[in-house]
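Each chain, written out:
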Amino acid sequence: WEAKRAGLGKEGIKAVSLGLLIITGIFIVLAGLIGAYKYKQGSFGEERVSITLSGPGEIKSGDLITYEISYKNNNRASLQNAILSINFPDNFKPEGSPNLIVDSPGSGRFVLGAIKSYSEGKVSFQGKAYSPKGSLIYLKAELNYKPSNFNSQFIVKHQLSVNVLSFPVILEVLAPQKLANGDALDYLI
């Protein structure tokens, strides 16, 4: 009769080694999957996409004004299907902007397509506002896009208020300087 030895035998050591190897492999695979997920999530942040609408804040009614919209993508992920929409009041008439697609009397859009990672760009448009003195006009821009690593659409917005200083109505009336009683009078306006 033989006494059992304390500790593990050769087969026990092999089983423990195999178990530790499997657990280590599972841990490495899980750490890799979690790391890849976190890396992918960190490649896009909605707060790192911005637009700015700039131009004069005070205008004269009827003057041709140029506005510029700057957009910026500070993400590792590129932006797909980017469309820059502009909303303006009915008394603002866009003119001389060949890339602006006017959808209705109060809106238009620029089709930007793809915006690369860590890039920026600008588009400009011109128009005339016809409003009484002291009116405020609001121009609104919004960038609608889909990040390359998401299936959702995102929107970033910016607004600019413009004060109308004067209304250019020039009225000239031509009339005779002297008129006798009973004569016909013609005005030319």
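Placed above this text is the structure.
Described in the following lines is the structure provided in the data block. Just so it is clear, the model here is predicted, and its values are computed rather than measured.

Here we look at the overall build of the protein chain
No. 1: The helix and strand inventory of the protein chain stands at one helix and ten strands.
No. 2: Split into buried and exposed, the 189 residues of the protein chain put 26% on the buried side.
No. 3: In the protein chain, once contacts between residues fewer than 6 apart in sequence are set aside, the share between residues at least 24 apart is 68%.
No. 4: Surface summary for the protein chain: the accessible area is close to 13100 Å², and the carbon and sulfur share equals 57%.

Comments concerning the sheet that holds strand β4 (residues 79–87)
No. 1: Pairing is mixed in the open sheet, where six strands are placed in the order β2-β10-β9-β4-β7-β6. The sheet is open, and its two edges are formed by β2 (58–60) and β6 (101–104), each paired on a single side. Direction aside, neighbouring strands of the sheet carry axes that sit 30 degrees apart on average.
No. 2: In the sheet, strand β9 (residues 136–147) pairs with strand β10 (residues 154–166) via ten bridges, with the strands oriented antiparallel. Looking at the pairing, Lys-140 lines up with Gln-159 of β10.

Re the pattern of salt bridges
No. 1: As enumerated under the stated definition, the model contains two salt bridges in all.
No. 2: A salt bridge links Glu-68 to Lys-122; the shortest N-O distance between them is 3.8 Å. Placement of the pair is Glu-68 in strand β3 (residues 64–73) and Lys-122 in strand β8 (residues 119–129), with a sequence separation of 54 residues.
No. 3: Judged by relative accessible area, which is 29%, Glu-68 ranks as partly exposed.

Considerations on the sheet that holds β8
No. 1: Taking strand neighbours across the sheet as the criterion, the four strands line up as β1-β3-β8-β5 in an open arrangement whose pairing is antiparallel. Looking at strand neighbours, the two that pair on one side only are β1 (49–54) and β5 (92–95), the edges of this open sheet. Geometrically, the sheet is characterised by an average inter-axis angle of 30 degrees between neighbouring strands, direction not taken into account.
No. 2: Pairing geometry for β3 and β8, over ten bridges, is antiparallel. Note on β8: the bridge partner recorded for Thr-66 is Gln-126.

Focus on the pairing of β9
No. 1: Alternating positions in β9 separate cleanly, Ile-137, Leu-139, Ala-141, Leu-143, Tyr-145 and Pro-147 being buried on one face and Leu-136, Tyr-138, Lys-140, Glu-142, Asn-144 and Lys-146 remaining unburied on the opposite face.
No. 2: Here β9 hands over to β10 after six residues, the two strands then running antiparallel side by side.

Quick look at the packing of aromatic side chains
No. 1: Taken as a whole and assessed by the stated rule, the structure comprises nine aromatic pairs.
No. 2: The interplanar angle of 65 degrees and the centroid separation of 6.3 Å between the aromatic rings of Phe-44 and Tyr-145 together place this pair among those described as edge-to-face. Note that Phe-44 is positioned in the loop between α1 (10–42) and β1 and Tyr-145 in strand β9, a separation of 101 residues in sequence. For the residue pair Phe-44 and Tyr-145, the accessibility class agrees, reading buried in each case.

Quick notes on the pairing of β8
No. 1: With four bridges joining them, β5 and β8 adopt antiparallel strand pairing. Bridge pairing in β8 places Glu-95 opposite Gln-126.

Focus: the nonpolar core
No. 1: Residues Tyr-67, Leu-112, Phe-125, Leu-143 and Tyr-145 are the most contacted members of the largest nonpolar core, which totals 33 residues.
No. 2: What Phe-125 contacts, discounting residues up to four positions off in sequence, is Leu-53, Ile-65, Thr-66, Tyr-67, Ile-69, Ile-86, Phe-92, Ser-97, Leu-100 and Phe-110.

What counts and how
- Residues numbered from 1 in each chain as written.
- Predicted model: local features only at pLDDT ≥ 70, side-chain atom pairs only at ≥ 80, totals over all residues.
- Heavy atoms only, no water.
- Helix = DSSP H or I, 4+ residues; strand = E, 2+ residues; numbered from the N terminus.
- Buried < 20%, exposed > 50% of the residue type's maximum accessible area, 1.4 Å probe, protein only.
- Contact = heavy atoms within 4.5 Å.
- Areas by Shrake-Rupley, 256 points an atom, 1.4 Å probe, with all protein chains shown as cover.
- Pairing = 2+ DSSP bridges.
- Axes fitted to C-alpha atoms, helices over the stretch in contact; angles between N-to-C directions.
- Salt bridge = Lys/Arg side-chain N within 4 Å of Asp/Glu carboxyl O.
- Phe/Tyr/Trp six-rings, centres within 6.5 Å; stacked < 30°, edge-to-face > 60°.
- Core = buried A, V, L, I, M, F, W, Y, C linked by side-chain atoms within 4.5 Å.

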